[in-house]
Amino acid sequence: MNGPLLGQRAAVIFLLGILAALAAGGLTAAKGGTLADATLIGGAAFAAAVTFFHTIIE
């Protein structure tokens with residue numbers, strides 16, 4: 001039972017989701033939004049990106 005914790009596909013999908021969340025949150029903060037705004041927008045972007053990439057990556 002020394003296999004990987006996540007499969008390669010799941011790792012790629014989560015990585016892309018994290019990158020999308022960081023980009024959206026960073027752009028929000030750079031535009032003058034508060035930290036709370038950037039966090040909420042980053043979380044929403046993460047959820048949307050994971051759903052999107054789960055659908056298109058096979």
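In what follows, the structure referred to is the one given above.
Everything numeric in this text was worked out from a predicted model, so none of it was measured.

Q: Explain the overall build of the protein to me, please; I cannot follow it from the model alone.
A: Helix and strand counts for the protein stand at two helices and zero strands. In terms of overall size, the protein is more extended than a compact globule, its C-alpha atoms giving a radius of gyration of 14 Å where 58 residues would be expected to give roughly 10 Å. In terms of its C-alpha atoms, the protein occupies a principal-axis envelope of roughly 45 × 25 × 15 Å. Residue burial in the protein is summarised as follows: out of 58 residues, 19% are buried. For the protein, the accessible surface area stands at approximately 4,400 Å², while carbon and sulfur atoms represent 73% of it.

Q: Looking at this structure, I do not really get the packing of aromatic side chains. What am I missing?
A: For any pair of aromatic rings, the description consists of the separation of the ring centres together with the inter-plane angle of the planes. Applying the stated criterion across every chain yields a total of two aromatic pairs. Plain terms: the ring middles of Phe14 and Phe46 are 6.3 Å apart, the flat faces sit at 10° to each other, and that makes the pair stacked. Of this pair, Phe14 sits in helix H1 (residues 8-30) while Phe46 sits in helix H2 (residues 35-56), placing them 32 residues apart in sequence. On the basis of an interplanar angle of 65° and a centroid distance of 5.2 Å, the ring pair of Phe52 and Phe53 is categorised as edge-to-face. Accessibility expressed as a relative area gives 47% for Phe52, which makes it partly exposed.

Q: Can you walk me through the side chain of Thr28 in this structure?
A: When you line up the elements, Thr28 lands in helix H1. Discounting residues that sit within four places of it in the chain, Thr28 has contacts with Gly33, Asp37, Ala38 and Ile41.

Rules used in this analysis
- Residues numbered from 1 in each chain as written.
- Predicted model: local features only at pLDDT ≥ 70, side-chain atom pairs only at ≥ 80, totals over all residues.
- Heavy atoms only, no water.
- Helix = DSSP H or I, 4+ residues; strand = E, 2+ residues; numbered from the N terminus.
- Rg over C-alpha atoms; globule rule 2.2 N^0.38 Å.
- Buried < 20%, exposed > 50% of the residue type's maximum accessible area, 1.4 Å probe, protein only.
- Areas by Shrake-Rupley, 256 points an atom, 1.4 Å probe, with all protein chains shown as cover.
- Phe/Tyr/Trp six-rings, centres within 6.5 Å; stacked < 30°, edge-to-face > 60°.
- Contact = heavy atoms within 4.5 Å.

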